[in-house]
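If you want the building blocks of each chain, they are given just below.
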Amino acid sequence: MPVSEAWHQRLAAARADRQQTHRWRTRQVVANGASESALDFAGNDYLGLAHDPRVSEAQADGARRFGAGAGASHLVSGHLEVHDALEEALAHWTGRERALLFSTGYMANLGVLQALADRHTAIFQDRLNHASLLDGAALSGARNRRFHHRDANDLENLLGRSEYAHKLVVSDGVFSMDGDVADIEDLVSACKRHNAWLMIDDAHGVGVLGDNGSGCVGSTWSSAKVPILVGTFGKALGTAGAFVAGDTALIDHLIQFSRSYIYTTAQPPAIAAATLKALDIVQREPEHRTTLNANIAYFRREALRLGLPLSDSTTPIQPLILEDEARTLTWATRLQQHGIYVGAIRPPTVPKGESRLRITLSARHSRHQIERLLEALTACQREETACLANA
């Protein structure tokens, strides 16, 4: 058998398996983002800054001033003044000595864990951590253990039994599929008792939670208690890229040893300029978070009143647990017919039996748009009840 034919048979078998289990993913082409006729309740633009004309103009001006791309890695000639200014602003915002830019949140997590951990290290992760954290731990070669979700007692037991000299506890800040928040105080306490370092990936909390929108860690918890803080720009800040914040020793180590930082072209300077503007807006205009929180409260109140299977989340991530994968796809398709986009999340992204609609709210959503979503969800519920009655 020709080599190419053998490979194509392998790809076909994987495709067939995923399609038979209703887990084949398809991309949706969305024209010009959300509008009154097509509403986006799937994205992570929590403060609406991706569509803020000031951020767009800052990006355009940055491209005019610095060019479309950095042209090289940060360690060659791609680290420009605008990158340096953004790192300084992020360090100040999060109360850290230093910050370091990465091209994506995924690359930040891979880079931190690969640079810090090895076979002499034990990593302890929340079971619901993002895939990039799990992959980073695997890449590092460290001993990787997973504790029950938000279960400090289980973490304590694992830490207490570990004989490794170097222990690293890793958790999402806001969990991306459930919307609940890590108990930072419990994690800090456990790490202190067992001489472990703590790493928090606050991708979905930065810009939304905490003082000045600095997240569930931010300036509230010092680098002495949370030594490694990861945040992203592609959610609440509305741009793209990520950062790691910590003390000087950590950042210097990452610059020297983080492969996903060293061996990639620096973030486009126009993106850095846009992120600086978004960061300024987040700190100067708390009304965006006020509007977002009002939208979350309204949606939750009405969804619970309608009897929708809503999870316990107070963040912009509002999952409706529908359990069955086919049911989840059916609801998502019906919502799309109403001109509403939501995430249909199924295994392996979430555990089996926990398929859900991942609804995300934004400060940009109007009350009328949220009412449209609630009406469409009620229609899904009503149609499902009618089908069951006629079965």
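All figures in this text were calculated on a predicted structure; none of them were measured in a lab. (Residues numbered from 1 in each chain as written. Predicted model: local features only at pLDDT ≥ 70, side-chain atom pairs only at ≥ 80, totals over all residues. Heavy atoms only, no water.)

Novice: Can you break down the overall build of the protein residue by residue, with the values?
Specialist: Secondary structure summary: the protein contains 14 helices and 12 strands in total. For 391 residues, the compact-globule estimate of 2.2 N^0.38 gives 21 Å, and the C-alpha radius of gyration of the protein, at 22 Å, lies within 12% of that figure. Seen through its C-alpha atoms, the protein measures out along the principal axes to roughly 65 × 55 × 50 Å. With an accessible surface of roughly 18300 Å², the protein has 50% of that area assigned to carbon and sulfur atoms. Positive and negative side-chain charges in the protein, numbering 40 and 44 respectively, have mean positions lying 4 Å apart. (Helix = DSSP H or I, 4+ residues; strand = E, 2+ residues; numbered from the N terminus. Rg over C-alpha atoms; globule rule 2.2 N^0.38 Å. Areas by Shrake-Rupley, 256 points an atom, 1.4 Å probe, with all protein chains shown as cover. Lys, Arg positive; Asp, Glu negative; His and termini not counted. Charge placed at Lys NZ, Arg CZ, Asp CG, Glu CD.)

Novice: Describe the pattern of salt bridges, with residues and values.
Specialist: On inspection of all chains with the given rule, the structure shows 14 salt bridges. In this structure, the salt-bridge partner of Asp 178 is Arg 356, at a minimum N-O distance of 3.2 Å. With Asp 178 in the loop between β5 (166-172) and α8 (184-193) and Arg 356 in strand β12 (residues 355-360), this pair connects stretches of sequence that are 178 residues apart. On the basis of relative accessibility, which here comes to 19%, the residue Asp 178 falls in the buried class. Arg 356 gets classed as buried once you look at its relative accessible area, which sits at 1%. With a shortest N-O distance of 2.6 Å, Asp 280 and Arg 284 are connected by a salt bridge. With Asp 280 and Arg 284 both in helix α11 (residues 269-284), this residue pair falls 4 residues apart, about one helical turn. Taking the relative accessible area as the measure of exposure, Asp 280 reaches 28% and is therefore partly exposed. Salt bridges here are not isolated pairs; linked through shared partners, they connect Asp 52, Arg 54 and Glu 285. (Salt bridge = Lys/Arg side-chain N within 4 Å of Asp/Glu carboxyl O. Buried < 20%, exposed > 50% of the residue type's maximum accessible area, 1.4 Å probe, protein only.)

Novice: So what's going on with the sheet that holds β12? Residues and values would help.
Specialist: Pairing within the open sheet is antiparallel, and its 3 strands lie in the order β9-β12-β11. Because the sheet does not close on itself, it has two edges, and the strands there are β9 (317-323) and β11 (343-345). Within the sheet, the average angular offset between the axes of one strand and its neighbour, ignoring direction, is 25°. Direction of pairing for β11 relative to β12: antiparallel, over a ladder of 3 bridges. Looking across to β12, one finds that Ile 345 is bridged to Arg 356. (Pairing = 2+ DSSP bridges. Axes fitted to C-alpha atoms, helices over the stretch in contact; angles between N-to-C directions.)

Novice: Describe helix α13 (residues 325-337), with residues and values.
Specialist: Taking 1.5 Å of rise per residue, 13 residues should cover 18 Å, and α13 covers 19 Å from first to last C-alpha, within 8% of that figure. What α13 keeps buried is the set Glu 325, Thr 328, Trp 331, Ala 332, Arg 334 and Leu 335. Measuring from the backbone nitrogen of Ala 326 back to the side-chain oxygen at the start of α13 gives 3.1 Å, which picks out Asp 324 as the cap. (Expected span 1.5 Å × (residues − 1). Polar contact = N/O pair within 3.5 Å; in protein donor to acceptor, adjacent residues only side chain to side chain.)

Novice: If you had to explain the sheet that holds strand β4 (residues 143-147) to someone new, which residues and values would you point to?
Specialist: Strand order across the open sheet formed by 7 strands is β2-β8-β7-β6-β5-β3-β4, with mixed pairing between neighbours. The sheet is open, and its two borders are formed by β2 (98-102) and β4, each paired with just one other strand. Across this sheet, the average inter-strand angle for adjacent strands is 20°, counted without regard to direction. The pairing of strand β6 (residues 197-201) with strand β7 (residues 228-232) spans 3 bridges and is parallel. For Asp 201, the partnering residue across the bridge sits in β7 and is Val 230. Lying on the sheet, helix α6 (residues 131-140) is in contact with β3 (121-126), β4, β5 and β6; it crosses β3 at an angle near 165°. (Contact = heavy atoms within 4.5 Å.)

Novice: Help me get a handle on a positive patch on the surface, residues and values and all.
Specialist: A cluster of like positive charges, contributed by Arg 127, Arg 143, Arg 145, Arg 146 and Arg 161, occupies part of the molecular surface. Here Arg 143 lies in strand β4. (Patch = residues over 30% accessible without salt bridge, like charges linked within 9 Å, V, L, I, M, F, W, Y side chains within 5 Å.)

Novice: Please provide a residue-by-residue account of the nonpolar core, values included.
Specialist: Generally speaking, a soluble globular protein has its nonpolar side chains buried in company with each other. Residues Val 169, Phe 299 and Leu 377 are the most contacted members of the largest nonpolar core, which totals 75 residues. Broken down by element, this core gets its largest block of residues, 7 residues, from α11. Setting aside residues up to four positions removed in sequence, Leu 377 forms contacts with Phe 299, Leu 308, Leu 320, Trp 331, Leu 335, Leu 357 and Ile 359. (Core = buried A, V, L, I, M, F, W, Y, C linked by side-chain atoms within 4.5 Å.)

Novice: Tell me about the packing of aromatic side chains, and name the residues and values.
Specialist: Inspection of the entire model under this criterion finds 2 aromatic pairs. One Lys or Arg, Arg 367, reaches over the ring of Tyr 298 and ends 3.9 Å from the middle of that ring. (Phe/Tyr/Trp six-rings, centres within 6.5 Å; stacked < 30°, edge-to-face > 60°. Lys NZ or Arg CZ within 6 Å of the ring centre and 35° of its normal.)

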